[in-house]
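# Remarks on the overall topology
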Amino acid sequence: MDIWNNIVLGFSVAVTPFNLFLAFVGVFLGTVIGVLPGIGPMTGIALLIPITFGLPPNSAIILMAGIYYGAMYGGSTTSILVNAPGESSSVVTCIDGFEMAKKGRAGPALAAAAIGSFIAGTFATIMLMILGPAIAQFALNFGPPEYFALMFAGLTVVTSLAGRSLVKALLATTIGLAISTIGIDLQSGVSRYTFGNLEMLDGLEFLVVAIGLFALSEVLANLADMRQAVMERLSIKGGLWLTKEDWKRAIPAFIRGTLSGFFVGGLAGAGAAVASFVSYGIEKSTGKHKEELGHGAIEGVAGPEAANNAAAGGAMIHLLCLGIPGSGTTAIMLGALLMLGLQPGPLLFQQQPDFVWGLIASMYIGNVMLLVLNLPLVGMWVKILDIPLYLLVLFIILFSFLGVYTVNNSVQDLLLMVGFGIIGYILRRLDIPAAPIILAMVLGDLMEQALRQSLIISDGSLGIFVTRPISLILLILAAISITNPYWGQLGAFFRRIFGQKTAA
Amino acid sequence: MKRVLLFVVVLLSLVLSACGGAPASSYPEQPIEIIAPANPGGGWDTLARTIQVSLETEKMVSQPLSVTNKPGGGGGVGLAYMAAQKGTDYTLVVYSPPLVINNINGTFEGKSYKDLTPLAKLITDYQIIVVKADSPYQTLEDLLNAMRADPKAIKFAGVSSPGSMDHVAFAKIAKAAGIDPKQLEYIAFAGGGEATTALLGGNVTFLSTGIGESVAQLEAGTIRALAITAPERLTSDLLKDVPTVKESGYDVTYEIWRGVFGPADLSPEAKAYWEATLKKMVESPTWKAQLEKLNWRDAYSPSEEFTTFLGQETETYRALLTELGFAK
């Protein structure tokens with residue numbers, strides 16, 4: 001099929017006034033959902049499913065996709081401005097984004113996030129168009145051992161990036177892994193650590209733990225410090241736009257983030273959160289200014305923000321080409337499409353060209369809309385800083401409770417969230433990083449399943465992880481990433497031991 | 001946000017239903033809530049919403065209908081919620097075989113379909129046994145022979161825990177074929193997508209799952225169906241050439257039914273109302289169009305019959321799960 005005919009067909013679907021309107025509504029809502037800490041794209045789309053019933057499938061997917069990648073844009077905003085990630089995929093953006101904001105460079109950070117998102121979103125859309133089917137084919141080579149190796153690599157990267165202290169980072173990872181074992185075990189059907197509580201059978205909700213550990217503990221920390229002073233007022237010095245130096249540093253990070261995000265999120269279906277962590281790991285190990293990472297380096301915003309948008313696009317490839325959702329959000333979209341009578345899968349491109357190409361065209365348009373919506377309005381987002389602390393705290397609390405309650409309509413979840421808020425506050429005071437807890441919790445369950453599936457396949461032999469090339473390569477990468485940041489520490493440790501010996 | 005949304009929806013529906021004019025019967029006098037005991041997007045949620053849409057489009061119920069998701073515990077959270085509605089008349093819930101299975105394996109802590117009022121069985125899906133398109137196994141018998149030779153060499157995937165539908169369905173076939181069901185090497189995956197990927201990547205030999213999960217890949221020709229567990233062949237173009245397990249010489253069928261329930265101690269008036277309304281619904285053009293769209297098969301049976309059926313299901317599953325070691 002002629003690609004130009006397809007593009008023309010796509011735009012003829014996407015530029016009808018109604019679909020343009022829906023794309024705008026989608027990206028606008030997506031940005032808002034992204035900005036609000038409690039409400040993620042999953043919740044947002046799930047809430048909108050009833051509304052899409054009356055729409056033709058084309059329009060429904062344009063709306064849902066708009067929310068999805070819109071949230072990837074918006075998620076960065078609160079990470080940078082209030083150190084409370086709007087989405088799990090923006091957790092890592094907090095590290096350098098908030099540091100930049102502290103230094104009065106919130107404007108460039110937000111601009112870098114928006115531009116990175118635009119570049120990555122557009123790139124992913126082009127890739128979806130030309131590479132979709134081929135990429136889906138390669139992803140099929142990933143069996144349980146490869147998935148295990150991939151997630152293992154993802155976890156080690158986080159642990160390595162989180163720590164000034166190896167012990168504290170590993171402790172956090174272990175807590176996360178322990179949390180992930182709560183609930184019915186898929187491979188045996190046995191319920192673990194549920195204490196007979198029905199609501200615990202599916203494990204702890206990710207959002208409950210994430211909002212507790214990040215948003216609520218932030219609130220608690222702010223309240224605790226209030227008597228000393230108001231929360232650090234982040235005033236904006238300098239422009240809102242990137243400087244020449246910023247551009248020079250951000251552009252390579254955009255490119256690295258886009259590529260790694262697209263391959264990790266798209267190929268492996270590891271999701272936007274992992275993609276952003278992987279990108280941060282890359283910046284930390286290869287960037288020219290790696291020593292600045294963690295102290296407000298623009299690469300730490302540009303890379304991960306590009307990566308999570310590229311991953312969102314990659315997840316769409318999974319959804320459309322294979323009918324296999326590559327992320328939680330696309331899983332919900334798959335459900336919604338089935339309800340609309342569409343079966344995503346390898347045949348979709350042939351049977352429903354107007355649907356697929358209409359969506360692709362709308363993604364181009366939506367990305368432009370988002371850039372326009374986010375860049376000139378960066379100033380507006382920055383104004384959030386002028387909101388008095390008590391209001392901001394109230395808003396965080398409000399949206400935390402709202403977001404958590406809407407997931408399961410469960411009061412128990414609210415209590416758990418408060419519990420994790422307190423735990424998060426204690427961890428903060430002990431200087432134990434929270435990010436590894438979250439990722440270990442998300443990946444732990446999948447990783448355990450993949451490990452045990454692999455072992456059933458191999459009749460119990462661990463050799464399966466090193467005899468399969470993709471898995472072996474990933475495990476080697478994991479080994480490098482976990483040892484690399486600690487060589488210095490290990491060296492110091494041994495020196496201390498030997499030093500003490502000689503002293504004694 | 002959801003509350004507000006719900007409020008708006010309820011308000012709108014109130015206005016709309018007021019315009020439509022209400023029938024004379026006194027029941028229902030309040031809005032009706034349909035519980036989907038799982039997250040949005042899954043089978044239970046889809047059924048709950050399809051019922052809602054059909055009843056509203058056909059204007060069969062004078063009160064507004066809303067769907068609420070109560071996910072968790074394999075449906076257990078929904079069941080606990082329904083227990084709290086005992087004796088009331090305005091909450092419905094949808095379930096399928098896990099309602100029976102999770103009672104036997106202890107997940108529901110003693111609760112069962114007897115804590116609900118079965119109103120109607122609505123639809124059914126069957127189990128399908130699929131292999132990769134280039135698999136050496138051409139028939140179910142080929143596969144069973146290989147398993148007889150070395151049961152450990154054949155791994156199969158499904159989308160539910162061991163001891164739940166995908167596992168039990170094949171265990172039933174294996175047992176009839178003289179293979180010890182305890183010898184089966186079953187690998188559970190969290191979703192149909194993951195399981196299909198494992199099959200296409202050659203990590204498992206075959207996949208036992210609901211027909212609905214496999215339609216896209218069957219159409220694409222990447223996987224091949226060896227057998228279905230329906231009592232007779234299906235009529236759709238895609239599946240008409242797939243033999244039943246019975247044709248292979250084993251008297252085994254396996255049905256993934258889905259039905260609607262009210263809370264325990266539903267008033268006779270409400271029960272009669274829903275029996276009549278659901279019967280009318282399954283004959284309506286909207287419902288039929290939805291079935292077509294979702295590739296579902298009508299399997300309507302009324303309250304009495306459905307209740308008897310659930311009793312039989314419990315017996316069958318108890319025997320199978322006891323043999324497999326999953327009964328509590």
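Sequence positions are assigned chain by chain, starting from 1 and proceeding in written order. Starting at A for chains and at 1 for ligands, labels are handed out in the order in which the entities are written. In view of the model being predicted, local features appear only for residues whose pLDDT reaches at least 70, and side-chain atom pairs are presented and counted only at 80 or more, with totals across whole chains, interfaces and linings using the full set of residues. Only heavy atoms go into the side-chain values, all of them from the structure, while hydrogens and water stay out.

### Looking at the overall build of chain A
As a reminder of what qualifies: Note on conventions: DSSP H or I runs of at least 4 residues are helices, E runs of at least 2 residues are strands, and numbering of each starts at the N terminus. Here, two residues are considered to be in contact whenever any of their heavy atoms come within 4.5 Å of each other.
Broken down by element type, chain A carries 22 helices and 2 strands. Sequence-distant contacts, at least 24 apart, represent 79% of the contacts inside chain A between residues at least 6 apart.

### What about the overall build of chain B?
What counts, and what does not: With residues, only the protein chains shown are counted as cover, and all accessible areas are computed by Shrake-Rupley using a 1.4 Å probe.
A tally of helices and strands in chain B yields 11 helices and 10 strands. Restricting to contacts in chain B with at least 6 residues of sequence separation, those with at least 24 account for 78%. Only carbon and sulfur atoms are counted for the fraction: they give 53% of the accessible area of chain B, which is about 12,800 Å².

### Description of the side chain of Ser276(A)
The following threshold applies: Accessibility here uses a 1.4 Å probe with only protein chains present; expressed as a share of the type maximum, an area under 20% marks a residue as buried, one over 50% as exposed, and anything in between as partly exposed.
With respect to the helices and strands, Ser276(A) occurs in helix H11 (residues 271-286). By relative accessible area, which is 0% here, Ser276(A) ends up buried.

### Quick word on the nonpolar core
For soluble globular proteins, the rule of thumb is that nonpolar side chains tend to be buried together. Which entries qualify depends on this criterion: Residues belong to one nonpolar core when they are buried, are Ala, Val, Leu, Ile, Met, Phe, Trp, Tyr or Cys, and are joined through side-chain atoms within 4.5 Å. An automatic or database domain assignment provides the domain bounds reported here.
Of all hydrophobic cores here, the largest spans 84 residues; its most connected members are Ile51(B), Leu122(B), Phe170(B), Phe261(B) and Trp274(B). The residue makeup of this core includes at least three contributed by each of domain 1 (32-124 + 256-324) and domain 2 (125-248) of chain B. The residues contacting Trp274(B), other than those within four sequence positions of it, are Tyr27(B), Ile32(B), Leu55(B), Val61(B), Leu65(B), Asp89(B), Leu92(B) and Leu119(B). Core analysis: the next-biggest nonpolar cluster, separate from the first, contains 63 residues, Ala210(A), Ala434(A), Ile187(B) and Ile211(B) among them.

### With respect to the packing of aromatic side chains
Selection criterion: Only Phe, Tyr and Trp rings are paired, with Trp represented by its six-membered ring, and only when their centres lie within 6.5 Å; those with planes under 30 degrees apart are stacked, over 60 edge-to-face, the remainder tilted.
All chains considered together, the criterion is met by 19 aromatic pairs over all chains. An aromatic cluster is defined as three or more aromatic residues linked by ring pairs; in this entry it consists of Trp44(B), Tyr95(B), Trp257(B), Phe261(B), Phe306(B) and Phe309(B).

### Overview of the packing of helix H2 (residues 43-57) of chain B against helix H10 (residues 285-294) of chain B
Residue and element names in this part refer to chain B. Stated precisely, the cut-off is as follows: Angles shown run from 0 to 180 degrees and are taken between the N-to-C directions of axes, each axis being a line fitted to C-alpha atoms and, for helices, limited to the stretch in contact. Each angle receives one of four descriptions, namely roughly parallel if under 35 degrees, roughly antiparallel if over 145, roughly perpendicular if within 65 to 115, and oblique otherwise. Definitions for this section: a left-handed crossing has its near helix turned counterclockwise from the far helix by less than a right angle. A right-handed crossing has that turn clockwise. Only Asp, Glu, Lys and Arg are considered charged, only Ala, Val, Leu, Ile, Met, Phe, Trp, Tyr, Cys and Pro nonpolar, and every remaining residue, Gly among them, polar.
In contact at an axis separation of 9 Å, H2 and H10 are set at 150 degrees when each is read in the N-to-C sense. Judged on the interaxial angle alone, H10 and H2 are roughly antiparallel. Pair H2 / H10 crosses with right-handed handedness. Contacts between H2 and H10 involve Thr 46, Leu 47, Thr 50, Ile 51, Val 53, Ser 54 and Thr 57 from the former and Thr 286, Trp 287, Gln 290 and Leu 294 from the latter. Of the residues contributing to the contact of H2 with H10, the split by class is 5 nonpolar, 6 polar and no charged.

### With respect to the pattern of salt bridges
Side-chain pairs of opposite charge can arise where the charged atoms are in close proximity. In plain terms, the rule: The term salt bridge refers to a pairing of a side-chain nitrogen on Lys or Arg with a carboxyl oxygen on Asp or Glu at a separation within 4 Å.
Counted under the stated rule, the structure contains 20 salt bridges over all chains. With a closest N to O distance of 2.9 Å, Glu299(A) and Arg249(A) form a salt bridge. Taken together, the positions of Glu299(A) in helix H12 (residues 299-322) and Arg249(A) in helix H10 (residues 244-268) put the pair 50 residues apart, joining distant regions of the chain. With respect to burial, Glu299(A) and Arg249(A) carry one shared label: buried. Across the pair Lys246(B) and Asp251(B) runs a salt bridge whose closest N-O atoms are separated by 3.9 Å. In this structure Lys246(B) comes out as partly exposed when scored by relative accessible area, which is 37%. Since its relative accessible area comes to 66%, Asp251(B) is described here as exposed. Salt bridges linked by common partners bring Asp185(A), Arg192(A), Glu448(A) and Arg452(A) together as one network.

### What to know about helix H15 (residues 353-374) of chain A
Put simply, the rule reads: In this analysis, the expected span of each helix is defined as 1.5 Å times one less than the number of residues it contains.
Along its 22 residues, H15(A) runs 31 Å from first to last C-alpha, staying within 8% of the 32 Å computed at 1.5 Å per residue. Of all 22 residues making up H15(A), 18 are buried, and the element is well covered by its neighbours.

### Looking at the confidence of the model for chain B
Residue and element names in this part refer to chain B. Heads up, the rule is: By definition, pLDDT measures how confident the predictor is in each residue, and it falls between 0 and 100.
Confidence in the prediction for chain B averages 86 pLDDT; 91% of positions are at 70 or higher. Here helix H1 (residues 2-20) stands out as the element of chain B with the lowest mean pLDDT, 48, in contrast to strand E3 (residues 91-95), whose mean of 95 is the highest. Contacts of residues 14-24 to residues separated by more than four positions or lying in other chains number 4 contacts, the stretch itself having pLDDT below 50. Among the scores for the predicted complex, ipTM is 0.74 and pTM is 0.69.

### A look at empty space enclosed by the protein
Residue and element names in this part refer to chain A. We apply this condition: In this analysis a 1.4 Å probe is tested at points of a 1 Å grid over the protein atoms alone, and where it fits but cannot get out there is a cavity; an open set with protein on both sides within 12 Å along at least five of seven lines is a pocket; lining residues have an atom within 4 Å of a point. Grid points are joined across faces, edges and corners, and a volume is the space filled by probe spheres set on the points.
Scanning all chains against the criterion turns up 4 cavities of 30 Å³ or more. The calculated volume of the second largest cavity comes to roughly 60 Å³. Taken together, Tyr 68, Tyr 69, Gly 121, Ala 124, Thr 125, Asn 309, Ala 312, Gly 313, Met 363 and Asn 367 make up the full set of residues lining the second largest cavity. Residue assignment for the lining of the second largest cavity shows that the elements contributing at least two residues are helix H4 (57-82), helix H6 (106-139), H12 and H15. Considered class by class, the residues forming the lining of the second largest cavity number 5 nonpolar, 5 polar and no charged.

### What to know about the pairing of strand E1 (residues 32-36) of chain B
Residue and element names in this part refer to chain B. Selection rule: By the convention used here, strands pair only if DSSP detects at least 2 bridges between them.
When you tally the buried positions in E1, you get 5 out of 5 residues, the bulk of the element. Burial along E1 is two-sided: the face carrying Ile 32, Ile 34 and Ala 36 and the face carrying Glu 33 and Ile 35 are both buried. Here E1 runs beside strand E2 (residues 65-69); their pairing, made up of 5 bridges, is parallel. For Ala 36, the partnering residue across the bridge sits in E2 and is Asn 69. With 3 bridges connecting them, E1 and E3 associate as parallel partners. Within E3, the residue paired with Ile 35 across the bridge is Val 93.

### Some points on the pairing of strand E5 (residues 155-158) of chain B
Residue and element names in this part refer to chain B. Formally: Handedness is read with the strands pointing away from the viewer; a crossover is right-handed when the path from the first strand over the helix to the second is clockwise.
In E5, alternate side chains face the same way, and those of Lys 155 and Ala 157 on one face and Phe 156 and Gly 158 on the other are all buried. By the bridge criterion, 4 bridges tie E5 to strand E6 (residues 185-188) in an arrangement that is parallel. The residue bridging Ala 157 from the neighbouring strand is Ile 187, located in E6. Once the chain exits E5 it traverses helix H6 (residues 165-176) before rejoining the sheet at E6, and the crossover so formed is right-handed. As judged from the 2 bridges shared by E5 and strand E7 (residues 206-210), these two strands associate in the parallel manner. Bridging from a neighbouring strand, Ala 157 pairs with Leu 207 of E7.

### Let's talk about unusual backbone geometry
Here the amide bond leading from Tyr27(B) into Pro28(B) is cis, since omega sits at -5 degrees, within 30 degrees of zero. Positive phi values are uncommon outside glycine, yet Asp431(A) reaches one of about 65 degrees. Its place among the elements puts Asp431(A) in the loop between helix H18 (411-429) and helix H19 (435-457). Positive phi values are uncommon outside glycine, yet Asp265(B) reaches one of about 55 degrees.

### Side note on the confidence of the model for chain A
Taken over all residues, the pLDDT of chain A has a mean of 76, while the share at 70 or more is 75%. Counted against residues more than four places away or in other chains, residues 227-233 of chain A, with its pLDDT under 50, gives 9 contacts.

### So, a nonpolar patch on the surface
All names here are of chain A. Applicable threshold: Only residues whose relative accessible area exceeds 30% and that form no salt bridge are eligible for patches; like-charged ones are grouped when within 9 Å, while nonpolar side chains (Val, Leu, Ile, Met, Phe, Trp, Tyr) are grouped when within 5 Å.
A contiguous nonpolar surface patch, about 470 Å² in accessible area, is contributed by Leu 220, Leu 223, Val 418, Ile 422, Ile 426 and Leu 430. Listed by contribution, the elements that provide at least two residues to the nonpolar patch are helix H9 (206-225) and H18. Here the element with the most residues in the nonpolar patch is H18; it accounts for 3 residues. The topology assignment puts Leu 223 in helix H9. In this structure Leu 223 comes out as partly exposed when scored by relative accessible area, which is 41%.

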